[in-house]
Amino acid sequence: MSDSTGNFYLQDTFLLWADRQPVPMVKDFGIDLLKIEVAPWDIFGVRGAICELVGGDDYISTFLYEIPPGGKSRVLNHIYEEVTYVLSGHGSTKVELPDGSAHTFEWGPNSLFEIPLNLKYQHFNGSGSEPVRLAGNSNLRFIMNLFRNERFIWDNPIPFGERLGDTSYFSGEGELKPVKPGRHQWETNFVPDISNFELKRWDARGTGSSNLRWILADGTIGCHTSAMPVGTYKKGHRHTAGTNVYCVTGQGYSLFWYDGDKDFKRIDWHHGVLYTPPENMFHQHFNSGSIPSRYLAVQMGSTRYPLFAVKRQIWDQGVDTSIKDGGNQVEYEDQDPRIHAIFLEELSKNQVTSLMGDVIDETPYLSKA
Ligand SMILES: [Fe+2]
């Protein structure tokens, strides 16, 4: 940081810029984006806040944008990618293409989209009475630290026509690109509702598990949605830092631990909560509620453009291969017995029945109850 030593030691241009912004900066391990305070943010023409997830990486930053009833953002274009997740409210976005034509698409809660790189766009709140809250997940942090020039970022004329995709991608159409379980891709620019989009089975990650990778605007920010049926949970695993996770539907909790830890760290979540598993920390997601649960994960690098050797390795093999076989996943039969005990206790609070009996012998747990 810049301080009395001058501007020549440990500078983080993004954090210096963030410190100058007139909006709250919220730092926490888990952040409820529907509850945090916002303030006017003139450069975007909306209200907002900057979120700093403890344990996050140096590539992706999360901005909360609130558009007041009847309000709109500025007309914006920028040289960073941003995946927008609609937390609440209804509205629309107008996108201007390099040939001068325009597309407008309407979104609502749980819509997900990315404007192709550097296109001009403007968001509108479609309601006269309710505010809109959008979560912007961008690589601005990385781009700003790399180039250190705001005009290059927000006033750059270079078009990226190769990233537009089919024009139907702006109206919610897309194309399935089958790969293999856990890596199947849906290519588009806009998903109207990730809470009810058909996912594909991914049995290797857990009982009833399903998933789909979103390839938005041919970008390098990777995102995917996974689902857990009622009465189930995923297998534990670990990977590099920087996978930011939003609860989309349902309620539950996640446990976090490093090898040798005596206790688990825990985050309880519901729609609006954002958190991130720290670097190579084991973590495991549990649906303890009475409806199916989905989450959205966003990170630097995608299954199409992994960017990093470690991500190529993880998505090729490591993400759903047992640690016994050189991967990063803890199979149900290898997990700490306290994990299932906590799950059953949480289910009983919510009067939900476990569906894990086929993969875990629950007799010892039930006899202790
Ligand atoms: Fe994970």
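To continue, consider the overall build of the protein. Within the protein one finds 6 helices and 25 strands. Taking 2.2 N^0.38 as the reference for a compact globule, 369 residues should give roughly 21 Å; the C-alpha atoms of the protein span a radius of gyration of 21 Å, in line with that estimate. C-alpha atoms of the protein, sized along the principal axes, occupy 65 × 55 × 40 Å. Residue pairs in contact within the protein that sit at least 24 positions apart in sequence constitute 71% of those at least 6 positions apart. Put simply, the protein shows about 15,900 Å² of open surface, and 51% of that area lies on carbon and sulfur atoms. Looking at the protein, you have 34 positive and 46 negative side-chain charges, and the mean spots of the two groups are 1 Å apart.

Before going further, it helps to examine the packing of aromatic side chains. Under the criterion given, the structure shown has 32 aromatic pairs. Judged by centre distance (6.1 Å) and plane angle (35°), the ring pair of Trp41 and Tyr65 falls under tilted. One end of the pair, Trp41, is in strand β3 (residues 39-41); the other, Tyr65, is in strand β5 (residues 61-67), with 24 residues separating them in the sequence. For the pair Trp41 and Tyr65, a shared accessibility class is recorded, and that class is buried. Ring centres 4.4 Å apart and planes at 35° place the aromatic pair Phe147 and Phe152 in the tilted group. When its relative accessible area of 39% is taken as the criterion, Phe147 is described as partly exposed. A relative accessible area of 32% places Phe152 in the partly exposed class. Put simply, the rings of Phe14, Trp17, Trp41, Phe44, Phe63, Tyr65, Tyr80 and Trp154 touch in pairs and so form one group of aromatic residues. We note Arg205 situated over the ring of Trp202; from NZ or CZ to the ring centre the distance is 6.0 Å. Over the ring of Phe29 we find Lys265, and its NZ or CZ is 4.5 Å from the ring centre.

Right, let's get into helix α1 (residues 13-20). Residues separated by three or four positions in an α-helix point in the same direction, a consequence of the helix having 3.6 residues per turn. Within α1, the full set of buried residues consists of Thr13, Phe14, Leu16, Trp17 and Ala18. Lining the buried residues of α1 we find β1 (25-28), β3, β4 (46-53), β5, α2 (140-147) and α3 (150-154). The backbone nitrogen of Phe14 lies 3.1 Å from a side-chain oxygen of the residue at the head of α1, namely Asp12.

In this section: the nonpolar core. Within the largest apolar cluster, 36 residues are counted, with the highest numbers of intra-cluster contacts made by Trp17, Phe44, Phe63 and Leu140. When residues of this core are traced back to their parent elements, those giving at least two are α1, β3, β4, β5, β8 (102-107), β11 (132-138), α2 and α3. Beyond its immediate stretch of four places on either side in the chain, Phe44 contacts Phe63, Tyr65, Ser73, Arg74, Leu76, Tyr80 and Trp154. Counting residues in hydrophobic clusters, the runner-up holds 32 residues, among them Ala49, Tyr85, Leu216 and Met300.

A few words on the domain arrangement of the protein. The domain boundaries assigned to the protein delineate domain 1 (22-167) and domain 2 (174-349). Put simply, the middle of domain 1 and the middle of domain 2, counted by C-alpha atoms, are 24 Å apart. Between domain 1 and domain 2, the residue contacts involve 38 residues of the former and 39 residues of the latter. The contact between domain 1 and domain 2 buries some 3,100 Å² in all, and 64% of this surface belongs to carbon and sulfur atoms. Contact with domain 2 buries surface across domain 1, with Phe29, Asn110 and Leu112 losing the most and accounting together for 23% of the total. Our enumeration of links across domain 1 and domain 2 arrives at 0 salt bridges. Connecting domain 1 to domain 2 are 12 residue pairs in polar contact (both at pLDDT 80 or more).

On to a nonpolar patch on the surface. A cluster of nonpolar side chains, Phe8, Tyr9 and Leu10, forms an exposed patch at the surface whose accessible area comes to about 420 Å². Tracing the chain through its elements places Tyr9 in the segment before α1.

Another point: the pairing of strand β24 (residues 293-300). The buried fraction of β24 amounts to 8 of the 8 residues, a majority that puts the element mostly inside the structure. In terms of strand pairing, strand β17 (residues 221-228) meets β24 through 8 bridges, oriented antiparallel. By the bridge assignment for β24, Ala227 is matched with Arg294. Relative to β24, strand β19 (residues 244-249) is paired through 5 bridges, and the arrangement is antiparallel. Paired with Val245 across the strands is Ala297, a residue of β24.

On to the packing of α1 against α2, then. Interhelical geometry of α1 versus α2 gives an angle of 110° and a closest axis separation of 7 Å. Taken as axis vectors, α1 and α2 run roughly perpendicular relative to one another. Along its contact with α1, which presents Thr13, Phe14, Leu15 and Trp17, the element α2 presents Leu140, Arg141, Met144 and Asn145. Residue composition of the contact of α1 with α2, by class: 5 nonpolar, 2 polar and 1 charged.

The rules behind the values
- Residues numbered from 1 in each chain as written.
- Predicted model: local features only at pLDDT ≥ 70, side-chain atom pairs only at ≥ 80, totals over all residues.
- Heavy atoms only, no water.
- Helix = DSSP H or I, 4+ residues; strand = E, 2+ residues; numbered from the N terminus.
- Rg over C-alpha atoms; globule rule 2.2 N^0.38 Å.
- Contact = heavy atoms within 4.5 Å.
- Areas by Shrake-Rupley, 256 points an atom, 1.4 Å probe, with all protein chains shown as cover.
- Lys, Arg positive; Asp, Glu negative; His and termini not counted.
- Charge placed at Lys NZ, Arg CZ, Asp CG, Glu CD.
- Phe/Tyr/Trp six-rings, centres within 6.5 Å; stacked < 30°, edge-to-face > 60°.
- Buried < 20%, exposed > 50% of the residue type's maximum accessible area, 1.4 Å probe, protein only.
- Lys NZ or Arg CZ within 6 Å of the ring centre and 35° of its normal.
- Polar contact = N/O pair within 3.5 Å; in protein donor to acceptor, adjacent residues only side chain to side chain.
- Core = buried A, V, L, I, M, F, W, Y, C linked by side-chain atoms within 4.5 Å.
- Domains from an automatic or database assignment.
- Buried area = accessible area lost by both parts, 1.4 Å probe.
- Salt bridge = Lys/Arg side-chain N within 4 Å of Asp/Glu carboxyl O.
- Patch = residues over 30% accessible without salt bridge, like charges linked within 9 Å, V, L, I, M, F, W, Y side chains within 5 Å.
- Pairing = 2+ DSSP bridges.
- Axes fitted to C-alpha atoms, helices over the stretch in contact; angles between N-to-C directions.
- Parallel < 35°, antiparallel > 145°, perpendicular 65-115°, else oblique.
- Nonpolar A, V, L, I, M, F, W, Y, C, P; charged D, E, K, R; others polar.

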